[in-house]
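# Chains, contacts and geometry: an overview
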Amino acid sequence: MHRIISNERISPNVGRMVVEARYVALHRKAGQFIILRINEKGERIPLTIADADPVNGTITLYYQIVGKTTTDLSLLHSGDWITDIAGPLGHPTEIKKYGTVVCVGGGIGIAPIYPIVKAMKENGNKVIVLIGARTRNLLILESELSSSSDEVIACTDDGSYGRHSYVTDVLKEIVSREKVDFVVAIGPVPMMKAASEITKPKGIPTMVSLNSIMVDGTGMCGGCRVTVGGEKRFTCVDGPEFDGHKVDFDELMIRLNTYRDDEKRSMELHHTCKLEGAMPHGT
Ligand SMILES: Cc1cc2nc3c(=O)[nH]c(=O)nc-3n(C[C@H](O)[C@H](O)[C@H](O)COP(=O)(O)OP(=O)(O)OC[C@H]3O[C@@H](n4cnc5c(N)ncnc54)[C@H](O)[C@@H]3O)c2cc1C
Ligand code: FES
């Protein structure tokens, strides 16, 4: 059982939770994630470890409220408990001195970018961060990223804040303006695909973190299968980070849509049960 220290809304659809997970806090590295289950009958969902405090034994998670489990997560309070937190899972990001590193975060992908930005900076890289969201109040972590990097460029799709453009348009400008040695792109699949297509002709190594559907997180169920360089790989044990120039993004998009109708039904049933005063578990 894991005690929640704090749980707050930082934008209309994003929550930040600090929760006790002593082993994870001590051993996690940038790029790794946990799989949590709110209660015994709950669904297992993966979330990136955005930050950790090994002294107090806590980790920080940022979650976008998109469906049943993330809605349930947003309703918990400090002092409540989460039944299971398994991790740290996945391979850590390969952190070393590359030279100039551009980190691109889209939407909730800004949260997983944060520990990578910090680690890249601590390892002597020049770090340029591009963050993007649909509109101003969905942009997260700008001040934290500013204090951990050399430059942060914020973009919004509707022009309500920062540059009125997609992060990938700015990435295109930067790779034409200066020598870039490594790119990290995390966010919606179309964004990671576009970023990889920009860097490929220039031969800039590009790492993406894939958000495939995960169930067991141990390489056994096959739920998170992706194709990378023509080979089958499992995001939970072989990833979550892969060479963006080799990922079959089109297949990933199709697989991510597989359960969309079930997820919608689960959310609708959840709302109905709440209105009737009964909280369903594991629906
Ligand atoms: C390695 C990894 C790290 C992630 N890190 C973060 C993070 O830091 N913050 C964050 O907000 N989100 C993160 N995600 C996505 C997050 O797991 C999903 O948003 C969450 O599972 C949604 O659950 P739900 O019940 O609220 O929504 P649902 O209605 O069940 O699903 C909404 C959408 O979330 C995705 N999803 C659903 N179930 C899963 C699952 N078991 N595994 C993966 N994706 C799923 C699907 O794209 C789905 O269409 C990460 C995913 C992966 C694979
Ligand atoms: S989540 Fe089951 S194989 Fe990766």
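Predicted, not measured: the structure shown is a model, and the values here were computed from it.

Quick notes on the rules
- Residues numbered from 1 in each chain as written.
- Chains lettered and ligands numbered in written order.
- Predicted model: local features only at pLDDT ≥ 70, side-chain atom pairs only at ≥ 80, totals over all residues.
- Heavy atoms only, no water.
- Pairing = 2+ DSSP bridges.
- Helix = DSSP H or I, 4+ residues; strand = E, 2+ residues; numbered from the N terminus.
- Axes fitted to C-alpha atoms, helices over the stretch in contact; angles between N-to-C directions.
- Parallel < 35°, antiparallel > 145°, perpendicular 65-115°, else oblique.
- Contact = heavy atoms within 4.5 Å.
- Expected span 1.5 Å × (residues − 1).
- Buried < 20%, exposed > 50% of the residue type's maximum accessible area, 1.4 Å probe, protein only.
- Near = heavy atom within 4 Å.
- Polar contact = N/O pair within 3.5 Å; in protein donor to acceptor, adjacent residues only side chain to side chain.
- Areas by Shrake-Rupley, 256 points an atom, 1.4 Å probe, with all protein chains shown as cover.
- Nonpolar A, V, L, I, M, F, W, Y, C, P; charged D, E, K, R; others polar.
- Domains from an automatic or database assignment.
- Buried area = accessible area lost by both parts, 1.4 Å probe.
- Salt bridge = Lys/Arg side-chain N within 4 Å of Asp/Glu carboxyl O.
- Left-handed = near helix turned anticlockwise from the far one by under 90°.
- 1 Å grid on protein atoms, 1.4 Å probe; cavity = no way out; pocket = protein on both sides within 12 Å on 5 of 7 lines; lining within 4 Å.
- Points joined across faces, edges and corners; volume = space filled by probe spheres on them.

In spatial order, the strands read β4-β3-β8; together these three strands make up an open sheet with antiparallel pairing. What marks the edges here is a single partner per strand, and that holds for β4 (44-48) and β8 (84-89). Adjacent strand axes in the sheet meet at a mean angle of 25° when their direction is disregarded.

Let us now look at the packing of helix α6 (residues 189-199) against helix α8 (residues 249-256). In contact at an axis separation of 10 Å, α6 and α8 are set at 180° when each is read in the N-to-C sense. In terms of axis orientation, α6 runs roughly antiparallel to α8. Residues Val189, Pro190, Met192, Lys193 and Ser196 of α6 pack against Phe249, Asp250, Leu252, Met253 and Leu256 of α8.

The next thing to look at is helix α3 (residues 110-122). In a regular helix each residue adds 1.5 Å, so 13 residues correspond to 18 Å; α3 covers 18 Å between its end C-alpha atoms and thus fits that length. Where burial is concerned, most of α3 is hidden: 10 out of the 13 residues are buried. When we look at burial in α3, the residues that qualify are Ile110, Ala111, Pro112, Ile113, Tyr114, Pro115, Ile116, Val117, Ala119 and Met120. At the C-terminal side of α3, Gly124 shows a positive phi close to 85°.

Bringing the site of ligand 1 into the picture now. Surrounding ligand 1, one finds 24 residues, the nearest of these being Pro46, Tyr62, Gln64, Thr70 and Met214. Contacts to ligand 1 include Thr48, whose side-chain N or O atom sits 3.0 Å from a nitrogen atom. Backbone polar atom of Gly67 to an oxygen atom of ligand 1: 3.2 Å apart, as the coordinates give it. Coverage of ligand 1 by the protein amounts to 89% of the 850 Å² it exposes when considered alone. Of all the secondary-structure elements, those providing two or more residues to the shell around ligand 1 are β4, β6 (58-64), α2 (68-74) and α9 (260-275). Split by residue class, the shell around ligand 1 holds 12 nonpolar, seven polar and five charged. The two domains that each donate at least three residues to the shell around ligand 1 are domain 1 (2-89) and domain 2 (100-256).

Here we take up the domain arrangement of the chain. Here the chain is partitioned into domain 1 (2-89) and domain 2 (100-256). With 21 residues of domain 1 at the interface, the matching set in domain 2 holds 21 residues. Both sides together, the interface formed by domain 1 and domain 2 hides about 1600 Å², and carbon and sulfur atoms give 65% of it. Residue Glu144 is joined to Arg16 by a salt bridge in which the shortest nitrogen-to-oxygen separation is 3.8 Å.

Two elements in contact, helix α5 (residues 167-177) and α6, have axes whose closest approach is 10 Å; the angle formed by their N-to-C orientations is 15°. Classified by the angle their axes make, α5 and α6 are roughly parallel. Between α5 and α6 the crossing geometry is right-handed. Judged by residue contacts, Val167, Thr168, Leu171, Lys172 and Val175 of α5 engage Met191, Ala194, Ala195, Ile198 and Thr199 from α6. Taken together, the residues of the contact of α5 with α6 sort by class into seven nonpolar, two polar and one charged.

Let us look at the side chain of Ser165. Structurally, Ser165 is set in the loop between β11 (151-156) and α5. A residue is classified by how much of its surface remains accessible, and Ser165, at 14% relative accessible area, is buried.

The next subject is unusual backbone geometry. Here the bond from Gly87 into Pro88 is cis, since omega is 0°, no more than 30 degrees from zero. Structurally, Pro88 can be placed in strand β8. For the bond from Gly239 to Pro240, the omega torsion is 10°, close enough to zero to count as cis. Note that Pro240 resides in the loop between α7 (235-238) and β16 (241-243). Of note, Leu141 is a non-glycine position whose phi angle comes to about 65°, a positive value. You can see Leu141 is positioned in the loop between β10 (126-133) and α4 (142-146).

This part takes up the layout of surface pockets. Looking at the second largest pocket, its volume works out to about 230 Å³. Lining the second largest pocket are 14 residues, and of these Glu94, Phe182, Met207, Glu241 and Phe242 lie nearest its centre. If you list the elements that add at least two residues to the lining of the second largest pocket, you get β13 (206-209) and β16. The element contributing the most residues to the lining of the second largest pocket is β16, with three residues.

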